[in-house]
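Each chain, letter by letter, is given below.
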Amino acid sequence: MNPASAAPRVLSLTHARLLQLYAQGLLQPLRRNPRRADLVAAIERMCLLQIDTIHVVARSPYLVLHSRLGYYPMTWLDEALANGQLAECWAHEACFVSAADIARHRGGHDRRTHHWAQRNAARMHREQRADMEKMLADIRASGPVRAADFARSRAADKPGWWAWKPEKRWLEAWFALGELMVARRENFQRVYDLAENVLARLDPPFDAAAEALSAEVQRQRAIVDTVRALGVTPAAWIADYFRLKPKVTDRELTPLLASGELLAVPVQGWASPGYVHRDHAEALDKARRGRLRATHTALLSPFDPLVWDRARVLAMFDFEYTIECYTPAAKRRYGYFVLPILHRGRLIGRLDAKAHRGDGIFEVKALFLQPDAEITPQLSRDLAGAIAATACWHGTAQIVLGKTVPAALARELRASWKAAH
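All of these numbers come straight from a predicted model, not from anything done at the bench. (Residues numbered from 1 in each chain as written. Predicted model: local features only at pLDDT ≥ 70, side-chain atom pairs only at ≥ 80, totals over all residues. Heavy atoms only, no water.)

**Observations regarding helix α8 (residues 166-177)**
The terminal C-alpha atoms of α8 lie 16 Å apart, and with 12 residues this matches the ideal 16 Å at 1.5 Å per residue to within 8%. With 12 of 12 residues buried, α8 is to be regarded as a mostly interior element. At its buried positions, α8 is contacted by β2 (86-90), α6 (116-127), α7 (129-142), β4 (145-146), β5 (180-186) and β6 (189-194). A positive backbone phi angle near 90° is found at Gly178, which sits one or two residues after α8. (Helix = DSSP H or I, 4+ residues; strand = E, 2+ residues; numbered from the N terminus. Expected span 1.5 Å × (residues − 1). Buried < 20%, exposed > 50% of the residue type's maximum accessible area, 1.4 Å probe, protein only. Contact = heavy atoms within 4.5 Å.)

Below you can see the structure in the form of structure tokens.
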């Protein structure tokens, strides 16, 4: 048989996981102190960094970066936005993206209908056009503004966007429609400016030609970027990453296989092929030969790209995960802001934590290992180290440990922390 015509070897699910972790920057810890450039590179590797404002521990975008970079100053993210290396847009949800990628997020589709936020914004503009147009004219005349610059005129009595004061809704609507962008953040509050002003200072410079590309080309780029970011994925998981509609099919990927941009590989237990970007061909070969080695242990944000697609994380890691901060307290199983625990290629449990910054305390309210996770000296040391590293990064070096399941894990963690000191 001609070797070139032989069927490709099946990739085991374990090795598929390692390839995904490699692509996401979660296979091994950074082996040196992080640098500012690493932050932008990490976001470019993931393609986007979802924004969420909950901060019982560090807000999600900072925590996602900590999982990959280790101990870095949180101000680096704010500075990269203010310096024009990053921009904010609606992608998966509200996200940071690299300056190099913002053009395609602004182009290739009708921004009035692409995302729920944009649809709401378009409706608001139809209904409150005069007020919104006046606000835009005022910003053009007077410069950047924050929502906090406008006084609240009445108590909020509606959920979601409608609970905001009118000016906040109008600012967000213009942001969703692309007329305003976020120039910088002050205490994590958005400072809005005209899009033309923000785009003018991006580094690298804004690519107007990329913004003008057709919707078909932009969709293909999003597909390719998603496959690169996920390492290996069936067609069914691709659309969620950038909220593409309609869903991506194997048939749609055929031209990308023919061009060699994507590679198809059978994966153990998958009914359809897995797709790998050609940039990961060498990593795919290492995975097949058992040469990818997972050594990283980290606490993940609930909004980490590795876990935000619940169907994907269940199929890939056999990890059932729900964000319970939106669940009534009485119905929560694990806690308010529960962080998945990554340990050497597996998701081995979850941890509910709160950083009491004023007291310097990192409270582990509850920690649950998966039923099949064996408490070994390696796991205990690595997990204790990951918790301690996260606590120190928060400036809350004193760790208070609450409930653990199994209970024996508490003794092992405390022993590891004692030995480290």
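Next comes the rest of the description.
**Here's the deal with the pattern of salt bridges**
A complete count under the given rule lists 22 salt bridges for this structure. One salt bridge in this structure joins Arg140 and Glu196, with 3.4 Å as the shortest N-O distance. With Arg140 in helix α7 and Glu196 in helix α9 (residues 195-200), the pair connects residues that are 56 residues apart, well separated along the chain. Two residues, Arg184 and Glu186, come together in a salt bridge whose shortest N-O distance is 3.1 Å. Within the structure, one salt-bridge network assembled from shared partners comprises Glu88, Lys168, Glu172, Arg185 and Arg190. (Salt bridge = Lys/Arg side-chain N within 4 Å of Asp/Glu carboxyl O.)

**Some thoughts on the nonpolar core**
Among the nonpolar cores identified, the biggest contains 141 residues, and Leu39, Leu65, Leu367, Leu383 and Ile387 are the most heavily contacted of them. The leading source of residues in this core is α8, at seven residues. Here Leu367 is in contact with Ile341, Arg350, Leu351, Leu383, Ile387, Lys403, Thr404, Val405, Leu409 and Leu413, once residues within four sequence places are set aside. (Core = buried A, V, L, I, M, F, W, Y, C linked by side-chain atoms within 4.5 Å.)

**Re the sheet that holds β2**
The strand order across the open sheet built from three strands is β1-β3-β2, with neighbouring strands paired in antiparallel fashion. With one partner strand each, in any of the chains shown, β1 (49-50) and β2 form the two edges of the open sheet. One ladder, built from two bridges, connects β1 with strand β3 (residues 94-98); its direction is antiparallel. Residue pairing in the sheet places Gln50 in a bridge with Cys95 of β3. Contacts between helix α2 (residues 36-46) and the sheet are confined to β1, β2 and β3, with β3 contributing the most and set at about 115° to the helix. (Pairing = 2+ DSSP bridges. Axes fitted to C-alpha atoms, helices over the stretch in contact; angles between N-to-C directions.)

**A short note on the sheet that holds strand β9 (residues 297-299)**
Read from one edge to the other, the open sheet built from five strands follows the order β9-β10-β11-β12-β13, with strand pairing classed as mixed. In this open sheet, the two edge strands, each paired with only one partner strand, are β9 and β13 (398-405). Recorded for the sheet is a direction-independent mean angle of 25° between the axes of neighbouring strands. Bridge count for strand β10 (residues 338-343) against strand β11 (residues 346-356) is six bridges, and the pairing is antiparallel. Residue Leu339 lies in a different strand from β11, and its bridge partner there is Leu351.

**Quick look at the packing of aromatic side chains**
Using the criterion set out here, one finds eight aromatic pairs in the structure. Between Tyr72 and Trp76, the ring centres sit 6.4 Å apart and the planes meet at 40°, which makes this aromatic pair tilted. The exposure class of Tyr72 is buried, given its relative accessible area of 1%. With relative accessibility at 13%, the residue Trp76 sits in the buried group. Summarising the aromatic geometry, the rings of Tyr241 and Phe242 are spaced 5.6 Å apart at their centres and angled 80° between planes, so their arrangement reads as edge-to-face. An aromatic cluster of three or more residues is present, and its members are Tyr72, Trp76 and Trp393. Note that Arg45 overlies the ring of Tyr22, its terminal NZ or CZ placed 5.3 Å from the centroid. (Phe/Tyr/Trp six-rings, centres within 6.5 Å; stacked < 30°, edge-to-face > 60°. Lys NZ or Arg CZ within 6 Å of the ring centre and 35° of its normal.)

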